[in-house]
Amino acid sequence: MKIPLSAPDITEAEIEAVVAVLRTSRLSLGPVTEQFEAQVAASVSLPHAIAVSSGTAGLHLCIRALGIGEGDEVIVPSFTFIAAANALRYERALPVFVDIEAATLNIDPQRIEEAITPRTRAIMAVHNFGVPAEMSAILEIAARHGLVVIEDACEAIGAEYQGRKAGAIGYAGVFAFYPNKQITTGEGGMVVTADETLARRIRALRNQGRYETDDWFQHSELGFNYRISDINCALGLTQMRRLEEILRKRETVAAAYHQRLSHHPHLTLPSLAVIGGRISWFVYVVRLPAARRDAIMRRMLDAGIGCSRYFAPIHLQPSYAAWRDLGNLAVTEAEAKRTLALPFFNNLEIEAIDEVCDVLEELLKTGY
Ligand SMILES: Cc1ncc(COP(=O)(O)O)c(C=O)c1O
C-alpha cells in the first residue's frame, strides 16, 4: 500500500529497550514485564495490572476468573471486534447482542435493559474506536440488576470518561497492543482491576494455573499459557512512556482529516471530541452512502490507499450462524454498511492525508 491503513511508531528508544532485554537472561516473567504492568496500572490509577499475550487472552481471563460460564449471558455490542464475544463463548457463556447508537457507534444504553434476563451476569462495555462508551448509564443499569461490568478498552488506552480512564471504570478492563493499536507490544494485552483477588486469580490463570506460592511444577487449577515476554513488554513500556505524545499525534491527524472533509455533503465524520471526556483515537472512520461504500473502498485500495470496513457485525459472521437472524440490530446493520476506516497512524503526514482525501472526494464526485 502506498499509504497503509496503520503503521506502528517505533523509535530508537523502543529498539534500544528491546535490545537491552535481549542482553539479559530474563526474557519472560522478568522485571520488565513488572515495570510495564506498573506503568499501565499507574496510567489508569489502579493497583493491579496483569500483562498477557493478547487483548483476547485478557478478555478470556476476565470471563474465566469471574466464573462466568455455561449458559450465563453477557451483554455485548455486535458492532465491535469479534474477540469481545469470542471470549464469552470460550467459556460456553452466551453473547447477547445489543444495538448501538448511530451517533457514537457504541452500545446504546437504552437498549440494554430489555436484553437482561435472569441468566444475565455481565455487561461487556466496549469503547469502539477509542470513544468512551456511556459508562454512567451502563454502571447504573448494572448496579440495579447486580451485573458485573467488564470494559473492553482494547481500542481505548488513554481515553477518558468524566475524569476517569477508560478501562478503570468497570470491575475489570482490558487493553490490547497489536501493532495497529495506539501502544504496541507486537502482540499483547493487559488486564487492569482494583480487585486484588481477581488480579491474583488472573495472574495464576495466565501462568498455567500456578498460584503465587506454587513452584514451577505445581498447578493449583486449570490454567493457560497467556504470558507475554519481557521482549514485548520492553517495547510496550517504552511506548507507554510516550503515551501522551502518541495520543496528541493521533488527535492532530484526526483534526486534519476533520478540517479537510467536514464540509463534504456525502460524508458523516466522527465527532472530534466527547463532552466531559477524551477520545483516544484508534481509527478514523467516516461514513459513506451505503450503496457506494464497497465500490469506493475497492477503488481506494486499487489506488494504494489502505482502508477497511470497520466493523463487520459479529452476529453476521459465519462463526455466529446461530445469532444471524436476531432482528434487533437495525442500527448495527445499517451503520456497518456505511463505515470506512481511512489510513490513520501517528506519523501520517499532511500530504498523505491530502492525497487520501483527494482520492475519496474524486470517487464521491464521479459517482462510484
Ligand atoms: C474491541 C477489541 N476487543 C478485543 C480485541 C482483541 O485484542 P487482540 O487482537 O490483542 O487479541 C481487539 C483488538 O483488535 C479489539 O479491537
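Everything here concerns the structure above.
It should be emphasised that the depicted structure is a prediction, and the values quoted were computed from it without experimental measurement. (Residues numbered from 1 in each chain as written. Predicted model: local features only at pLDDT ≥ 70, side-chain atom pairs only at ≥ 80, totals over all residues. Heavy atoms only, no water.)

Taken together, the 7 strands give an open sheet; going across it, the order is E1-E9-E8-E5-E4-E2-E3, and neighbouring strands pair in mixed fashion. Lying at the two open borders of the sheet, with one neighbouring strand each, are strand E1 (48-52) and strand E3 (94-98). Averaged over all neighbouring strand pairs, the angle between strand axes comes to 25°, with direction disregarded. Pairing of E1 with strand E9 (residues 189-193) involves 5 bridges; the strand directions are antiparallel. Bridge assignment links Ala49 to a residue of E9, and that residue is Val192. On the sheet, helix H3 (residues 55-65) packs against E1, strand E4 (120-126), strand E5 (148-152), strand E8 (172-176) and E9 and is oriented at approximately 165° with respect to E8. (Pairing = 2+ DSSP bridges. Helix = DSSP H or I, 4+ residues; strand = E, 2+ residues; numbered from the N terminus. Axes fitted to C-alpha atoms, helices over the stretch in contact; angles between N-to-C directions. Contact = heavy atoms within 4.5 Å.)

Buried within helix H9 (residues 290-302) we find Arg292, Arg293, Ile296, Met297 and Met300. In the segment just after H9, Gly304 is the residue with positive phi, at about 80°. (Buried < 20%, exposed > 50% of the residue type's maximum accessible area, 1.4 Å probe, protein only.)

The next subject is the site of the ligand. For the ligand, the set of nearby residues contains 14 residues, the closest of which are Gly55, Thr56, Asp152, Glu155 and Lys181. In the model, an oxygen atom of the ligand is placed 2.8 Å from a nitrogen or oxygen of the Gly55 main chain. At a separation of 2.7 Å, an oxygen atom of the ligand approaches a polar side-chain atom of Lys181. In the complex, the protein chains occlude 91% of the 390 Å² of accessible area that the ligand would expose alone. In terms of residues, the shell around the ligand owes the most to one element, H3, which gives 3 residues. Along the lines of polarity and charge, the residues of the shell around the ligand split into 6 nonpolar, 5 polar and 3 charged. (Near = heavy atom within 4 Å. Polar contact = N/O pair within 3.5 Å; in protein donor to acceptor, adjacent residues only side chain to side chain. Areas by Shrake-Rupley, 256 points an atom, 1.4 Å probe, with all protein chains shown as cover. Nonpolar A, V, L, I, M, F, W, Y, C, P; charged D, E, K, R; others polar.)

So, about the packing of helix H8 (residues 243-261) against helix H11 (residues 350-365). Put simply, H8 and H11 touch, their axes get as near as 10 Å, and they point 40° apart. In the crossing of H8 with H11, the sense of the turn from one axis to the other is right-handed. Listed contacts from H11 to Val253, Ala256, Tyr257, Arg260 and Leu261 of H8 are Ile350, Ile353, Asp354, Val356, Cys357, Asp358, Leu360 and Glu361. Among the residues forming the contact of H8 with H11, the class breakdown is 9 nonpolar, no polar and 4 charged. (Left-handed = near helix turned anticlockwise from the far one by under 90°.)

Another point: the pairing of E3. In the sheet, strand E2 (residues 73-77) pairs with E3 via 5 bridges, with the strands oriented parallel. Within E3, the residue paired with Pro77 across the bridge is Val98. Chirality of the crossover, the property in question, places the unit of E2, helix H4 (residues 83-89) and E3 among those that are right-handed. (Right-handed = clockwise from strand over helix to strand, strands pointing away.)

Strand order in the open sheet formed by 3 strands is E7-E6-E10, and the pairing between neighbours is antiparallel. Edge positions in the sheet fall to strand E7 (164-165) and strand E10 (277-278), since each of these pairs with one other strand and no more. Strand direction decides the pairing type here: strand E6 (residues 160-161) and E10, joined by 2 bridges, are antiparallel. Along E10, the bridge assignment pairs Glu160 with Arg278.

As for its position among the elements, Thr193 is in strand E9. Here Thr193 falls in the buried class, since its relative accessible area comes to 1%. Apart from the residues lying within four places of it in its own chain, the contact partners of Thr193 are Leu46, Pro47, His48, Tyr171, Ala172, Leu198 and Ala199.

On to H3, then. Turn by turn, an α-helix covers 3.6 residues, leaving residues three or four places apart pointing in a common direction. Of all 11 residues in H3, 9 are buried; the element is thus mostly enclosed. Gly55, Ala57, Gly58, Leu59, His60, Leu61, Cys62, Ile63 and Ala65 are the residues of H3 that are buried. Its side-chain oxygen at 3.3 Å from the backbone nitrogen of Thr56, Ser54 defines the N-terminal cap of H3. Taken from the residues just after H3, Gly67 is the one with a positive phi, measuring 70°.

The omega torsion across Tyr310 and Phe311 is 0°, close enough to zero to call that bond cis. Note that Phe311 resides in the loop between H9 and helix H10 (330-336). One non-glycine residue, Leu29, adopts positive backbone phi at about 50°. Locating Leu29 in the fold gives a position in the loop between helix H1 (12-22) and helix H2 (31-43). For Gln162, which is not glycine, the phi torsion reads 45° and is therefore positive. One can find Gln162 in the loop between E6 and E7.

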